[in-house]
Amino acid sequence: QVQLVESGGGLVQAGGSLRLSCAASGLTFSSYYMGWFRQAPGKEREFVAGISWSGGRTYYPDSVKGRFTISRDNAKNTVYLQMNSLKPEDTAVYYCAACFRVVTTVDGMDYWGKGTLVTVSS
């Protein structure tokens, strides 16, 4: 049974930083492309970051490029999201997801975690 468990969310002031972690089990982690998504209240879930199987390629939308960094440790079956220069509009539940292919859409991901809440105060 595949499990993705996010951690590291919390309350932070605007301009601050947080690092999210997602621990994976029940799958061959190094064979999966991993992604982070977020969903703000009343909004659709959106792509935030993606990383290839080896970690050699990363993907970001313009909204977070230069502020967020995705990384992975295949030995620990864990993917990370370092978030810097946080803004109130980054407030959302953050989800990690896994897929065999490189995708940036919600529908394309195969497995999902339950999410961790990030709140950025102004």
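The shown structure was predicted, so the numbers you read here are calculated from the model rather than taken from an experiment. (Residues numbered from 1 in each chain as written. Predicted model: local features only at pLDDT ≥ 70, side-chain atom pairs only at ≥ 80, totals over all residues. Heavy atoms only, no water.)

S.K.: For this particular structure, what's the right way to read the overall build of the chain?
M.R.: Per the secondary structure count, the chain includes zero helices and 11 strands. Helices and strands appear in the chain in the N-to-C order β-β-β-β-β-β-β-β-β-β-β. Its C-alpha atoms give the chain a radius of gyration of 13 Å, within 12% of the compact-globule value 14 Å for 122 residues. Reported as C-alpha extents along the three principal axes, the dimensions of the chain are approximately 40 × 25 × 25 Å. Each of the 122 residues in the chain was classed as buried or not, and the buried ones make up 43%. Accessible surface, the chain as shown: approximately 6200 Å² in total, 47% of it carbon and sulfur. Within the chain, the 9 negative side-chain charges are centred at a point lying 5 Å from the centre of the 12 positive side-chain charges. (Helix = DSSP H or I, 4+ residues; strand = E, 2+ residues; numbered from the N terminus. Rg over C-alpha atoms; globule rule 2.2 N^0.38 Å. Buried < 20%, exposed > 50% of the residue type's maximum accessible area, 1.4 Å probe, protein only. Areas by Shrake-Rupley, 256 points an atom, 1.4 Å probe, with all protein chains shown as cover. Lys, Arg positive; Asp, Glu negative; His and termini not counted. Charge placed at Lys NZ, Arg CZ, Asp CG, Glu CD.)

S.K.: Would you explain the side chain of serine 52 in this entry?
M.R.: With respect to the secondary-structure elements, serine 52 resides in the loop between strand E5 (46-51) and strand E6 (58-59). Here the side chain of serine 52 touches glycine 56 through a polar contact of 3.2 Å, landing on its backbone nitrogen. Once you skip the residues sitting within four places of it in the chain, serine 52 turns out to touch Tyr33, Arg57, Tyr59 and Arg72. (Polar contact = N/O pair within 3.5 Å; in protein donor to acceptor, adjacent residues only side chain to side chain. Contact = heavy atoms within 4.5 Å.)

S.K.: How should I be thinking about the state of the cysteines in this particular structure?
M.R.: Here, the word disulfide means a covalent bond between the sulfur atoms of two cysteines. Summed over the entire model, instances satisfying the criterion amount to one disulfide. Free of any disulfide, cysteine 99 has its nearest cysteine sulfur in cysteine 96, 13 Å distant. Judged by its relative accessible area of 0%, cysteine 99 falls in the buried class. (Disulfide = S-S within 2.5 Å.)

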